[in-house]
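Structural overview
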Amino acid sequence: MALRTIREMGDPVLEKKAKTIKEVTPRIRALAQDMLETMYDSGGVGLAAPQVGILKRLVVIDITEERNEPLTMLNPEILEQDGVQTGYEGCLSVPQKVGIVTRPNRVVVRYRDLEMNEWEMEAEEFLARAICHELDHLDGHLYVEKVEGGLRDASELEEEQEKEQDQEEEHSGAE
């Protein structure tokens, strides 16, 4: 398999709507595997086919730290959504930037797997956020369109979080 080049904000392919996958061919299987390798290599938790320049309705997601439970979704669509969550998001197509985005806290999504079997799954919290983020890519949208208060450098946020964690550890150690 091979690592693919991730398209970055400003690339016109990221603004286009992806096409439905009608059958799983060897090329689709190879694309899904390449996308997983590319996502893992880049340190992401999700990747949509348009991000590697392919206008197909295919996303891969793996929010586990072990990186061994990938979810491959063909032609995914959100059937239900409810609740609200607000938090920082980043994107492999917008490197080194983060922004605050509000998303549903729970979604029900229907998709097909690589055998073209149809599935429905309920996702909450971070997985729901990741699904919504990746499905936006399939319709030509980036998370920056939803950012509240502008983008920040990811390194600045990491430094802030480390300082907060150090202060919490100092405080809890004093008790």
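Residues numbered from 1 in each chain as written. Predicted model: local features only at pLDDT ≥ 70, side-chain atom pairs only at ≥ 80, totals over all residues. Heavy atoms only, no water.

Our focus in this paragraph is the layout of surface pockets. Computed from the structure, the largest pocket encloses a volume of approximately 730 Å³. Every residue lining the largest pocket is counted, 29 residues in all, and those nearest its centre are Glu89, Gly90, Cys91, Lys97 and Val98. The element that contributes the greatest number of residues to the lining of the largest pocket is strand β4 (residues 85-91), accounting for six residues. Here the residues of the lining of the largest pocket sort into twelve nonpolar, twelve polar and five charged. (1 Å grid on protein atoms, 1.4 Å probe; cavity = no way out; pocket = protein on both sides within 12 Å on 5 of 7 lines; lining within 4 Å. Points joined across faces, edges and corners; volume = space filled by probe spheres on them. Helix = DSSP H or I, 4+ residues; strand = E, 2+ residues; numbered from the N terminus. Nonpolar A, V, L, I, M, F, W, Y, C, P; charged D, E, K, R; others polar.)

In total, this model carries 16 salt bridges according to the counting rule given. Where Asp153 meets Lys97, a salt bridge forms, and the shortest distance between an N and an O atom there is 2.5 Å. Remark: Lys97 occurs in strand β5 (residues 94-103) and Asp153 occurs in strand β8 (residues 148-153); sequence separation between them is 56 residues. For Asp153, a relative accessible area of 30% corresponds to the partly exposed category. Overall, the relative accessible area of 31% leaves Lys97 in the partly exposed class. (Salt bridge = Lys/Arg side-chain N within 4 Å of Asp/Glu carboxyl O. Buried < 20%, exposed > 50% of the residue type's maximum accessible area, 1.4 Å probe, protein only.)

Function-wise, these values are silent; they only describe arrangement.
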